[in-house]
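Here is how the chains run, residue by residue.
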Amino acid sequence: MDFVEGRLRDDGLYEARPGDWVFVDWAPKPLRSTEGPVAVEQMLLARAYAALAEAADRVGDAARAETYGDKGRRLREMIRPLFWNSEKGVFVHALGRDLKPLEQVTRCPNVFGILDGLFGTDELRRVQENCLDSDSMMPIVTPYMRYYELEALCRLGRQSDVLKEIRSYWGGMLDEGATSFWEMRDGWKAFGGAGSLCHGWSA
C-alpha cells in the first residue's frame with residue numbers, strides 16, 4: 001500500500017502514470033482509461049483500504065486500522081459525486097484529467113457500485129435498466145470479471161439469470177471440449193490461441 005499511495009494524486013485518487021496499464025477487462029472496444037481517474041480503480045482501492053483496516057485490526061494494530069479505515073471511507077464518499085451521471089442513471093467509466101466525467105459508460109463500475117452498496121432503490125432500478133440489461137452496453141468478456149457481474153445479479157435476487165449464464169458461458173467452454181477454464185470464452189481465438197486455456201481467475 002505504501003507503493004500504491006506513492007502513486008496517488010494529492011486528492012487521494014489513483015490516476016494512470018506514464019507506463020501504467022490500467023487493466024479492468026479485455027474490452028472489445030477501446031476504453032478511455034488513460035485520461036484521468038477510472039471509476040472501478042477507485043472502488044478497488046477503497047476495497048483494499050477496507051481489507052487492510054480489517055487485517056490491521058486482527059493483528060492488534062489499532063493505529064493502522066483507523067488510518068486505513070478512514071482513507072477507505074473518504075475515498076468511498078468521493079466516488080459517487082465524481083462518477084454518478086444522473087441523466088444517464090449510471091456511473092461513467094472515467095474522468096478527464098480535469099476531473100470532469102467522460103461520456104463512456106461501462107458495466108464494471110456499476111457492478112461494483114451494486115456490490116459496494118452505492119445506489120439507492122430507484123438508482124438500482126435505473127442501473128439495471130440502463131446498464132446491466134442494456135443490449136447496447138459493451139459486454140464484460142473475461143470470466144473473472146463476469147463473476148462480479150453475476151454476484152451483483154445475485155444481490156438483486158436474480159439467481160435464475162445467474163444460473164442460465166453459468167450454464168451458457170462456463171458450460172459453453174465445456175461444450176467446446178475445455179478441461180479447464182479459459183481466459184476468455186471466445187476471445188482467446190482472436191489472439192491466435194495466445195490466451196490462457198487454464199486460467200485461475202476464470203475459475
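Calculation criteria
Residues numbered from 1 in each chain as written. Predicted model: local features only at pLDDT ≥ 70, side-chain atom pairs only at ≥ 80, totals over all residues. Heavy atoms only, no water. Helix = DSSP H or I, 4+ residues; strand = E, 2+ residues; numbered from the N terminus. Buried < 20%, exposed > 50% of the residue type's maximum accessible area, 1.4 Å probe, protein only. Contact = heavy atoms within 4.5 Å. Axes fitted to C-alpha atoms, helices over the stretch in contact; angles between N-to-C directions. Parallel < 35°, antiparallel > 145°, perpendicular 65-115°, else oblique. Left-handed = near helix turned anticlockwise from the far one by under 90°. Nonpolar A, V, L, I, M, F, W, Y, C, P; charged D, E, K, R; others polar. Expected span 1.5 Å × (residues − 1).

**Student:** Can you walk me through the environment of Arg17 in this structure?
**Tutor:** By the element assignment, Arg17 lies in the loop between helix 1 (2-5) and helix 2 (39-58). The class for Arg17 is partly exposed, based on a relative accessible area of 35%. Residues Arg17 and Gly36, spaced 19 residues apart in sequence, show a C-alpha to C-alpha distance of 9.4 Å. Contact partners of Arg17, with chain neighbours within four places excluded, come to Gly6, Arg7 and Leu8.

**Student:** In this structure, what is going on with the side chain of Arg146? I would like to understand it.
**Tutor:** For Arg146, the position within the fold is in helix 6 (residues 143-155). Those residues in contact with Arg146 that lie beyond four places of it in its chain are Ile140, Glu165, Tyr169 and Trp170.

**Student:** I would appreciate a short explanation of the packing of helix 6 against helix 7 (residues 159-175) in the present structure.
**Tutor:** Angle between the axes and distance between the axes: these two values describe a pair of packed helices. Two numbers describe how helix 6 lies on helix 7: the axes approach to 9 Å, and their chain directions differ by 165°. Between helix 6 and helix 7, the angle falls in the class roughly antiparallel. Crossing angle aside, the handedness with which helix 6 passes helix 7 is left-handed. Taking contact as the criterion, the partners of Pro143, Arg146, Tyr147, Leu150, Leu153 and Cys154 in helix 6 are, on helix 7, Gln159, Val162, Glu165, Ile166, Tyr169, Trp170 and Met173. Tallied by class, the residues present in the contact of helix 6 with helix 7 amount to 10 nonpolar, 1 polar and 2 charged.

**Student:** How do you make sense of helix 2 when you look at a structure like this?
**Tutor:** Side chains that are three or four residues apart share a direction in an α-helix, a result of its 3.6 residues per turn. Taking 1.5 Å per residue, 20 residues should reach 28 Å; helix 2 reaches 29 Å between its end C-alpha atoms and fits that length. Listed in full, the buried residues belonging to helix 2 are Ala39, Val40, Glu41, Gln42, Met43, Leu45, Ala46, Tyr49, Ala53 and Ala56. Immediately downstream of helix 2, the backbone of Gly60 shows phi near 80°, a positive value.

**Student:** Mind showing me how you'd approach unusual backbone geometry here?
**Tutor:** Excluding glycine, residues mostly have negative phi values, and the peptide bonds linking residues are mostly trans. For Leu99, which is not a glycine, the phi torsion comes out positive at approximately 70°. Residue placement: Leu99 occurs in the loop between strand 2 (90-91) and helix 4 (107-115). Here Leu99 falls in the partly exposed class, since its relative accessible area comes to 24%.

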